[in-house]
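# Architecture and fold: a report
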Amino acid sequence: MHAPERLWGLRVVSTPEALDAARYTGDVTVLQIAADEVLALDAAHVELDDPYAIIEPESTFVKWTLTYDEFDHHLVRHIEWQLPSARPALAQGLVAGMPVKLWLTDDHVDLIVSNGLVHEAVDRLGVRA
């Protein structure tokens, strides 16, 4: 398992309709964390039709990329809620008492936490710092 990687991108807060029609530059992963808010990872620019949108640089998260074997070994026993079955999917909730985001793809899981929780993740989940 690798050490965590700092995530960079944009936090975009807008209407759900504007977010659905947003256009991003580059190879971007868009994580819809609320109906009116997304994290656009690796995005440098976004165009959307909302003059009141809030668009700010985001760099306060880190991720560990886990194989499903690593995910099963380190995290599954700490999850007390139903994971989505479709992939790709974003799941959010408490894992071992910590707020996390899980980006579930067909071949791996990204464990995403606030940078301030890296040491807690290491202690509680056994991931590497």
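For the structure itself, look to the data block above.
On a predicted model such as this, the values are computed, not experimentally measured, just so you know.

## A closer look at the side chain of Lys63
- Secondary-structure assignment places Lys63 in strand β8 (residues 61–66).
- Every residue in contact with Lys63, bar those within four places of it in the chain, is listed here: Ala3, Pro4, Glu5, Leu7, Asp110, Leu111 and Ile112.

## Considering the packing of aromatic side chains
- One pass over the full model with this rule turns up one aromatic pair.
- Ring geometry for Tyr68 against Phe71: centres 6.0 Å apart, planes inclined by 85 degrees, an arrangement best described as edge-to-face. You can see Tyr68 and its partner Phe71 sitting in helix α2 (residues 68–74), three residues apart, about one turn around the helix.
- Here Phe71 falls in the buried class, since its relative accessible area comes to 3%.

## Thoughts on the sheet that holds strand β10 (residues 98–104)
- Pairing within the open sheet is antiparallel, and its five strands lie in the order β1-β8-β11-β10-β9. Strands with a single pairing partner mark the edges of an open sheet, and in this sheet they are β1 (5–6) and β9 (89–95).
- As paired strands, β10 and strand β11 (residues 109–114) are joined by four bridges and run antiparallel to one another. Bridge pairing in β11 links Lys101 to Ile112.
- The strands touched by helix α3 (residues 118–125) within the sheet are β8, β9, β10 and β11, with β10 carrying the most contacts at an inclination of about 80 degrees.

## Section: the nonpolar core
- If you look at the biggest cluster of nonpolar residues, it comprises 19 residues, and the most contacted ones within it are Trp64, Phe71, Leu75, Leu102, Leu111 and Leu125.
- For this core, the elements supplying multiple residues, two or more each, are β8, β9, β10, β11 and α3.
- By residue number, the principal contributor to this core is β10, which donates four residues.
- Excluding residues within four positions of it along the chain, Leu75 makes contact with Leu66, Glu70, Val95, Leu102, Leu111 and Leu125.
- Residues Ala22, Val38, Ala43 and Val46 belong to the second largest nonpolar core, which totals eleven residues.

## Thoughts on the sheet that holds strand β4 (residues 29–34)
- Pairing is antiparallel across the open sheet formed by four strands, whose spatial order is β4-β5-β2-β7. At either end of the open sheet lies a strand with only one pairing partner, and these are β4 and β7 (54–58). For this sheet, the mean angle separating the axes of adjacent strands, direction not counted, is 20 degrees.
- Pairing geometry for strand β2 (residues 9–13) and strand β5 (residues 37–41), over five bridges, is antiparallel. Among the inter-strand pairings, Val13 is bridged to a residue of β5, identified as Glu37.

Rules used in this analysis
- Residues numbered from 1 in each chain as written.
- Predicted model: local features only at pLDDT ≥ 70, side-chain atom pairs only at ≥ 80, totals over all residues.
- Heavy atoms only, no water.
- Helix = DSSP H or I, 4+ residues; strand = E, 2+ residues; numbered from the N terminus.
- Contact = heavy atoms within 4.5 Å.
- Phe/Tyr/Trp six-rings, centres within 6.5 Å; stacked < 30°, edge-to-face > 60°.
- Buried < 20%, exposed > 50% of the residue type's maximum accessible area, 1.4 Å probe, protein only.
- Pairing = 2+ DSSP bridges.
- Axes fitted to C-alpha atoms, helices over the stretch in contact; angles between N-to-C directions.
- Core = buried A, V, L, I, M, F, W, Y, C linked by side-chain atoms within 4.5 Å.

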